[in-house]
Amino acid sequence: MSRSWDIKRAADALLAAEAARKHRSALTDEWPGLDLANAYRVQDEVVSQRVEAGESIVGMKLGLTSHAKQRQMGVSSPITAWLTDGMALNSGVALDTSELIHPRVEPEIVFVLGESLEGPGVTAARAMKAVSHVYGGLEIIDSRYTDFRFRLPDVVADNASSARFTVGTRGRRPEELDLALEACVVKINGDVIDSATGTAVLGHPGEALALAANSLSERQIGLEAGWLVLTGGMTDAVPTVAGDTVCIEFTHLGSITLQCA
Ligand code: OOG
Ligand code: MG
């Protein structure tokens, strides 16, 4: 009989796939009993191994907060995952695609928290009071699963496909903007690929922040002052390869250009 699955073995399998840049089959194919609670334990184990290796936690992200993303991935509930400094790509630094498996890019609205925020019972209005600044962002996701095919527990365990992220340089105070109407355009090599507004993210990105605070509280996790929160891809994620120039333009949050090498 094959060795049975547990939290540590699943985390090791995902970290090994990432290190080898080799996609693998969904965990639930081999571990059908993997439920959401254990999937979050796998996610926490993956991130604690990163922290042991020297990375620091810099915030959280939401995944699958837009209909575009939910439809694309065939998964319909938003999820949370960890961000570390090892995933941060400074603006202007090229993305080395040889470090990744099959990267895709997503435009995101990013919050920097001025104060801590902890659920339950957090509303979008309350959540927005904790935000000190809003930025445009670009996330590079890289599922460790073949063809990005996964069930909800798989993608939770895989830290929501996190790989890299870049935060724009133009921060705004939240009260300066109507985030539901903040638009973005995604261009690859000058061609417009997609566009969306902040409404795509659960109606308003503040709803995503509230959802993060409330769902994290079920795991006794609070969002901390100074943390970044990526509120989720506004459009479908777009595959990119070496040689591409990705440009995300926001109405009021500036633009981010990423060179893929
Ligand atoms: C899951 C990651 C989702 C987002 O913004 O929705 C995510 C995936 O699509 O692989 O980062
Ligand atoms: Mg994302």
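Residues numbered from 1 in each chain as written. Chains lettered and ligands numbered in written order. Predicted model: local features only at pLDDT ≥ 70, side-chain atom pairs only at ≥ 80, totals over all residues. Heavy atoms only, no water.

Looking up the protein in an unreviewed UniProt entry gives the name 4-oxalocrotonate decarboxylase, with the organism given as Mycolicibacterium holsaticum.

*Asks:* Give a description of helix H3 (residues 36-52) that names residues and reports values.
*Replies:* Helix length check: H3 (17 residues) gives 24 Å between terminal C-alpha atoms against 24 Å at 1.5 Å per residue, within 8%. For H3, the full list of buried residues reads Ala 39, Tyr 40, Val 42, Gln 43, Val 46, Val 47 and Arg 50. One face of H3 carries all of its buried residues, which in axial projection span an arc of 155 degrees. Check the buried side of H3 and you find it contacts helix H1 (7-20), strand E1 (57-63), strand E2 (79-84) and helix H6 (152-157). Looking one or two residues beyond H3, the residue adopting positive phi is Gly 54, at roughly 115 degrees. (Helix = DSSP H or I, 4+ residues; strand = E, 2+ residues; numbered from the N terminus. Expected span 1.5 Å × (residues − 1). Buried < 20%, exposed > 50% of the residue type's maximum accessible area, 1.4 Å probe, protein only. Arc of directions from axis to C-beta. Contact = heavy atoms within 4.5 Å.)

*Asks:* Got a sec to walk through the coordination of the magnesium ion (ligand 2)? Specific residues and values, please.
*Replies:* Around the magnesium ion (ligand 2), the protein contributes the donor atoms Glu 106 (OE), Glu 108 (OE) and Glu 139 (OE), at 2.0 Å from the metal centre. Read in sequence order, the donor residues coordinating the magnesium ion (ligand 2) give the pattern E-x1-E-x30-E. With Glu 106 in strand E3 (residues 104-113) and Glu 139 in strand E4 (residues 131-141), the pair connects residues that are 33 residues apart, well separated along the chain. By the burial criterion, Glu 106 is buried, and Glu 139 matches it. (Donors = N, O, S within 2.8 Å, 3.2 Å for Na, K, Ca; no water.)

*Asks:* An account of the UniProt feature "domain: Fumarylacetoacetase-like C-terminal" (unreviewed entry) in the protein is needed here, citing residue identities and associated values.
*Replies:* The positions that UniProt labels "domain: Fumarylacetoacetase-like C-terminal" (unreviewed entry) are, in the present scheme, residues 102-257. Helix and strand shares over residues 102-257 are 16% and 35% respectively, and the end C-alpha atoms of the span are 19 Å apart. (UniProt positions renumbered as here; feature names shortened; annotations may be inferred.)

*Asks:* Describe the pattern of salt bridges, naming the residues involved and giving the relevant values.
*Replies:* Opposite charge on two side chains makes pairing possible when the charged atoms of those side chains draw close. Going through the model one piece at a time under the given rule, you end up with 15 salt bridges. Between Glu 18 and Arg 50 there is a salt bridge whose closest N-O contact spans 2.7 Å. Of the two residues, Glu 18 sits in helix H1 while Arg 50 sits in helix H3, which places them 32 residues apart along the sequence. Taking the relative accessible area as the measure of exposure, Arg 50 reaches 11% and is therefore buried. Between Asp 158 and Arg 144 there is a salt bridge whose closest N-O contact spans 2.8 Å. Within this pair, whereas Asp 158 is found in the loop between H6 and strand E5 (162-167), its partner Arg 144 is found in the loop between E4 and H6, the two being separated by 14 residues in sequence. Judged by its relative accessible area of 3%, Asp 158 is buried. By relative accessible area, Arg 144 is classed as buried at 3%. (Salt bridge = Lys/Arg side-chain N within 4 Å of Asp/Glu carboxyl O.)

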